[in-house]
Amino acid sequence: MAESGKHHIAIPVESTDQHTILPVTVVTGLQPGPVLLVIAGIHGSEYAPIVAGQRFGMALDFRTLTGTVMIVHMANLPAYLGRTVYTSPVDGLNLNREFPGNAQGSLSQRIAYTLTNKLYPLADAVLDVHSGDGNEDLRPYWTGYYARAGSADVIKRSKSLAFAFGMQHVVPFEWELGKSANAIWAGSAAVAMGIPSIDVEAGGSGVVDAQAVKLLTEGFNRTLSHLGMIRQRYPSPTGQRIIFDRQSVKSPLSGSWVSLKAAGETVMAGELLGYVTDWHGRTVFEARSPKDGLLMLRLSAPPVSQGETLVVVGSTKSHAGDAP
Ligand SMILES: [Zn+2]
């Protein structure tokens, strides 16, 4: 690991005909300790995580830090500069479906490979930080952990990280990762390598949401405290809730989405949440809530392609008494 201090570096990623960099801030404390890897900008139009990561890196003081923090500010610089949602303008791939990557693949696959081969092996914990994408309204903000993937120890430590981050809502992912082929996400790829990991989701709709940035920077510092990397202590979060049984409605055809509800609203089974029109404005699909619950995610912009998610409705329950 680098010597004590703050280092701003650029890790090159090259494919046969493209190249990019990973802008990384490495802050190494005076005392050795855990290594925390924070990844922002896997989706280039998710701005709150990117801004929060930059502010966190600028504010971190190596003299009061134990261990090392590595912050990847923009894992997907081509998508950031190209202002694309979901995918890279360079190869059309969704970086968060390309883990653990491929050293001989396209640029997105090589970005994933660089992360899992150069940075993951150094890390004791990985935070993969997202928001709603540029066209997605997301509420509430949450952290998620793999509740069924990895060893019991990794699950326990991931769960602790998810709650310690301090968001009011936590999602236990129920997916199992029996095969390495399932570790296609940045977070699950970490778990598959035996590294505790959480996903963080705050912000969205292509704006820098000030409240999301604040919650994220606070969550990063809470994580440092939880891992014993700073002396500051935070009161335990109270009233945290579990999100479960998330159900989505996908568009059966390409068209224009008209949204009737905002994320964070309570909805009822069968309630009309929005509709899709054809190119001339004629309604061709009604999106109705699959259940009573909380509208957690909705498209906030009109374009939709066949098979894409329009809305996600989830349920919540109290986490009281089950604190890790
Ligand atoms: Zn994302």
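For the structure, see preceding data.
The structure presented is a predicted model; accordingly, all values stated were derived computationally and were not measured. Starting afresh in each chain, residues are numbered from 1 along the sequence in its written order. Reporting in this predicted model follows two pLDDT cut-offs: at least 70 for local features of residues, and 80 or more for side-chain atom pairs to be given and counted; totals over whole chains, interfaces and linings ignore these cut-offs and use all residues. Only hydrogens and water are set aside when side-chain values are computed; all heavy atoms of the structure are taken into account.

So, on to the overall build of the chain. Each helix corresponds to a stretch of at least 4 residues labelled H or I by DSSP, and each strand to a stretch of at least 2 residues labelled E; elements are numbered beginning at the N terminus. In terms of regular secondary structure, the chain is built from six helices and 17 strands. Computation of the radius of gyration draws on C-alpha atoms, with the globule rule given as 2.2 Å multiplied by the number of residues to the power 0.38. The C-alpha atoms of the chain give 20 Å as radius of gyration, which agrees with the globular expectation for 324 residues (20 Å, within 12%). For the C-alpha atoms alone, the extent of the chain along its principal axes is close to 65 × 55 × 40 Å. Classification of the 324 residues of the chain by burial places 52% in the buried group. Expressed as a percentage of contacts within the chain between residues at least 6 apart in sequence, the contacts between residues at least 24 apart total 72%. Accessible area of the chain: about 14000 Å², with a carbon and sulfur share of 51%. Taking the 26 positively charged and 27 negatively charged side chains of the chain as two groups, their mean positions are separated by 5 Å. The rule is simple: take the accessible area with a 1.4 Å probe, protein chains only, and divide by the maximum for that residue type; under 20% is buried, over 50% is exposed, in between is partly exposed. Between two residues, a contact is recorded if the distance between any of their heavy atoms is within 4.5 Å. For accessible areas, the Shrake-Rupley method is used with a probe of radius 1.4 Å. Any residue's cover is judged against the shown protein chains and nothing else. For the purpose of charge, His is not counted, nor are the chain termini; Lys and Arg are scored as positive and Asp and Glu as negative. Note that the charge is assigned to NZ on lysines, CZ on arginines, CG on aspartates and CD on glutamates.

Here the focus is helix 3 (residues 107–119). With 13 residues, helix 3 should cover 18 Å at 1.5 Å per step; its first-to-last C-alpha distance of 17 Å lies within 8% of that length. Within helix 3, the full set of buried residues consists of Leu107, Ser108, Arg110, Ile111, Ala112, Thr114, Leu115, Thr116 and Leu119. Packed against the buried residues of helix 3 are strand 1 (5–14), strand 2 (19–28), strand 3 (31–40), strand 4 (66–72), helix 2 (77–82) and helix 5 (186–192). One less than the residue count of a helix, multiplied by 1.5 Å, gives the span that helix is expected to have.

Okay, the packing of aromatic side chains next. Ring geometry is summarised as follows: Phe, Tyr and Trp rings, the Trp one being its six-membered ring, pair when their centres sit within 6.5 Å, and such pairs are stacked at plane angles under 30 degrees, edge-to-face over 60 and tilted between the two. Evaluated as defined, the whole model comprises nine aromatic pairs. Ring geometry for Phe56 and Phe220: centres 5.0 Å apart, planes at 40°, overall tilted. Separated by 164 residues along the polypeptide, Phe56 in helix 1 (residues 47–59) and Phe220 in helix 6 (residues 210–226) bring together distant segments of the chain. Like Phe220, Phe56 is buried. Geometrically, the ring pair formed by Phe173 and Trp175 is stacked, given 5.0 Å between the ring centres and 20° between the ring planes. On the accessibility criterion, Trp175 (40% relative accessible area) is partly exposed. Aromatic ring contacts, followed pair by pair, group Trp142, Tyr146, Phe173, Trp175 and Trp185 into a single cluster. Whether a charge sits over a ring comes down to the Lys NZ or Arg CZ being within 6 Å of the ring centre and within 35 degrees of the ring normal. The ring of Phe244 is capped by Lys317, whose NZ or CZ atom sits 5.0 Å from the centre of that ring.

On to the pairing of strand 2, then. Taking burial as the measure, the 10 residues of strand 2 include eight buried ones, the bulk of the element. In terms of strand pairing, strand 1 meets strand 2 through 10 bridges, oriented antiparallel. Among the inter-strand pairings, His8 is bridged to a residue of strand 2, identified as Thr25. Pairing between strands is defined by DSSP: at least two bridges between the two strands are required. Counting the residues that bridge the hairpin from strand 1 to strand 2 gives four residues. Taken together, the five bridges between strand 2 and strand 4 define a ladder with antiparallel strand orientation.

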